[in-house]
Amino acid sequence: SQTIHQWPATLVQPVGSPLSLECTVEGTSNPNLYWYRQAAGRGLQLLFYSVGIGQISSEVPQNLSASRPQDRQFILSSKKLLLSDSGFYLCAWSGAGSGQYEQYFGPGTRLTVT
Amino acid sequence: GEDVEQSLFLSVREGDSSVINCTYTDSSSTYLYWYKQEPGAGLQLLTYIFSNMDMKQDQRLTVLLNKKDKHLSLRIADTQTGDSAIYFCAKENTGFQKLVFGTGTRLLVSP
């Protein structure tokens, strides 16, 4: 069966510090991968998605970036965090090319920028 | 762009039925989904419906789709306190392998 992992689960970082959040998927190959941000009590904002290694599409201009160095690894990064980067970050995967794109979510990382 | 709208809040008593509604603007998707998010957790896929169906039932969950009115609903029968969560509808953004999520409805079930 497929599983998706995210770490760390929680993170407190000062403004201006770098960020690296990691997401890995097991039990599937060539998945589509997604990063979302959820502000407190709000809906989901799609940040990035990837349909393959090294292929990243950005949905929202911001000071975040994403990379996919391996087929089942998706990384969210920032060189300098802003207060507005605080939120709940969710990684998700879906099957590629199946014609049905339901997404399966990881447990999330709660980021607080102080 | 694509819009998917939900009411923000719904409060019911334990044992009652809950109906969560969702409206959308683009009718070209093939699948529509309902997700549940419990506090501090990721989203859990509850059920989905194919766009050529009007209704799908899965245990206590009933999904109704009105394509003419671009309206999707999720009915939870015999609602329990454990059903308290945020519920998101989602539809495919056709051709882009992405989902467009609604704003989420917070369901509060009181004893």
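Notes on the structure follow. Each residue is numbered by its place in its chain's sequence as written, counting from 1. Think of it this way: whatever chain is written first is A, whatever ligand is written first is 1, and the rest follow in order. pLDDT decides what is reported in this predicted model: residues at 70 or higher carry local features, side-chain atom pairs at 80 or more are listed and counted, and totals for whole chains, interfaces and linings draw on all residues regardless. Note that water and hydrogens are dropped before the side-chain values are worked out from all heavy atoms of the structure.

Some details on the sheet that holds strand β7 (residues 61-66) of chain B
Residue and element names in this part refer to chain B. Applicable threshold: Here, a strand pair is defined by DSSP locating no fewer than two bridges between the strands. Counting from the N terminus, the helices are DSSP H or I runs at least four residues long and the strands are E runs at least two residues long. Every axis in this analysis is a line fitted to C-alpha atoms, fitted for helices over the stretch in contact. Angles between the N-to-C directions lie between 0 and 180 degrees.
The antiparallel open sheet is built from five strands, whose spatial order is β1-β3-β8-β7-β6. The sheet is open, and its two edges are formed by β1 (4-6) and β6 (55-58), each paired on a single side. When the angles between neighbouring strand axes are averaged without regard to direction, this sheet yields 15°. As paired elements, β1 and strand β3 (residues 18-24) share three bridges and run antiparallel to each other. Each residue of the ladder has a partner; that of Val4, found in β3, is Tyr24.

Observations regarding the packing of aromatic side chains
For the record, the criterion: Pairing of aromatic rings covers Phe, Tyr and Trp, the last counted by its six-membered ring, and requires centre-to-centre distances within 6.5 Å; plane angles under 30 degrees mean stacked, over 60 mean edge-to-face, and any other angle means tilted. When accessible area is computed with a 1.4 Å probe and restricted to protein chains, residues below 20% of their type maximum are described as buried, those above 50% as exposed, and intermediate ones as partly exposed. We count a charge as sitting over a ring when the NZ of a lysine or the CZ of an arginine lies within 6 Å of the ring centre and within 35 degrees of the ring normal.
Counted according to the given criterion, the structure contains 15 aromatic pairs over all chains. Taking the centre distance of 6.2 Å and the plane angle of 20° together, the rings of Tyr34(A) and Tyr49(A) count as stacked. Highlighted residues: Tyr34(A) in strand β4 (residues 32-38) and Tyr49(A) in strand β5 (residues 44-52), separated in sequence by 15 residues. Taken as a pair, Tyr34(A) and Tyr49(A) share a single burial class, namely buried. Seen in terms of ring centroids, Tyr31(B) and Tyr48(B) are 5.8 Å apart; in terms of plane orientation they differ by 65°. Their pairing is edge-to-face. Placement of Tyr31(B) in strand β4 (residues 31-37) and of Tyr48(B) in strand β5 (residues 43-50) is noted, with a sequence separation of 17 residues between them. The exposure class assigned to Tyr48(B) is partly exposed, which follows from its relative accessible area of 31%. Taken together through their ring pairs, the aromatic side chains of Tyr34(A), Tyr36(A), Tyr49(A), Phe105(A), Tyr31(B), Tyr33(B), Tyr35(B), Tyr48(B), Phe50(B), Phe88(B) and Phe101(B) make up a single cluster. Above the plane of the ring of Tyr48(B) lies Lys56(B), whose end atom (NZ or CZ) is 3.9 Å from the centre.

Notes on unusual backbone geometry
Cis geometry marks the peptide bond from Trp7(A) to Pro8(A); its omega dihedral reads 0°. Within the fold, Pro8(A) resides in the loop between β1 (3-7) and β2 (10-13).

Let's talk about the interface of chain A and chain B
This is how the line gets drawn: Any pair of residues with heavy atoms lying within 4.5 Å of one another is described as a contacting pair. Put simply, buried area is the surface a 1.4 Å probe can reach on two separate parts but cannot reach once they are joined, added for both. The rule for a salt bridge is simple: a side-chain nitrogen of Lys or Arg has to be within 4 Å of a carboxyl oxygen of Asp or Glu. Polar contact is the term for a pair of N or O atoms within 3.5 Å; when the atoms are in protein, one must be able to donate a hydrogen and the other to accept it, and sequence-neighboring residues count only if both atoms are side-chain atoms. Residues are grouped as follows: Ala, Val, Leu, Ile, Met, Phe, Trp, Tyr, Cys and Pro are nonpolar; Asp, Glu, Lys and Arg are charged; every other residue, Gly included, is polar.
Chain A puts 25 residues into the contact, and the matching count from chain B is 20 residues. With both chains or domains summed, chain A and chain B bury close to 1700 Å², and 56% of this area falls on carbon and sulfur atoms. For the interface between chain A and chain B, the tally reads one salt bridge. Between Lys98(B) and Glu59(A) there is a salt bridge whose closest N-O contact spans 3.1 Å. Across the contact surface, chain A and chain B share four residue pairs in polar contact (both at pLDDT 80 or more). In terms of residue class, the side of chain A that touches chain B is made up of 12 nonpolar, nine polar and four charged.

A short note on the nonpolar core
In summary, soluble globular proteins display a tendency toward joint burial of nonpolar side chains. Filter applied, for reference: Among the buried residues, those of types Ala, Val, Leu, Ile, Met, Phe, Trp, Tyr and Cys that are joined through side-chain atoms within 4.5 Å form a nonpolar core.
Core analysis: the biggest nonpolar cluster contains 20 residues, and Trp34(B), Leu72(B), Leu74(B) and Tyr87(B) have the highest contact counts within it. Of all elements in the fold, only β3, β4, β7, β8 (71-76), β9 (85-93) and β11 (105-110) of chain B reach the threshold of two or more residues within this core. Dropping the residues within four chain positions of it, Leu74(B) is found in contact with Ser18(B), Val19(B), Ile20(B), Trp34(B), Leu46(B), Thr47(B), Leu61(B), Thr62(B), Val63(B) and Tyr87(B). Residues Cys23(A), Leu47(A), Ala66(A) and Leu111(A) belong to the second largest nonpolar core, which totals 19 residues.

Focus on the sheet that holds strand β7 (residues 64-70) of chain A
Residue and element names in this part refer to chain A. Spatially, four strands are ordered β1-β3-β8-β7 in an open sheet, and the strand pairing comes out antiparallel. The open sheet is flanked by β1 and β7, the only strands paired with a single partner. Between one strand axis and the next, the sheet turns through 20° on average, direction left out of account. Pairing between β1 and strand β3 (residues 19-26): five bridges, direction antiparallel.

As for the pattern of salt bridges
The final tally for this structure, using the stated rule, is six salt bridges over all chains. Asp85(A) is the salt-bridge partner of Arg37(A), the closest N and O atoms lying 3.6 Å from each other. Here Arg37(A), found in strand β4, pairs with Asp85(A), found in the loop between β8 (73-78) and β9 (87-94); they are 48 residues apart in sequence, far enough to count as distant. Here Asp85(A) falls in the buried class, since its relative accessible area comes to 3%. Between Asp69(B) and Lys68(B) there is a salt bridge, with the nearest N and O atoms lying 3.8 Å from each other. Judged by its relative accessible area of 48%, Asp69(B) falls in the partly exposed class.

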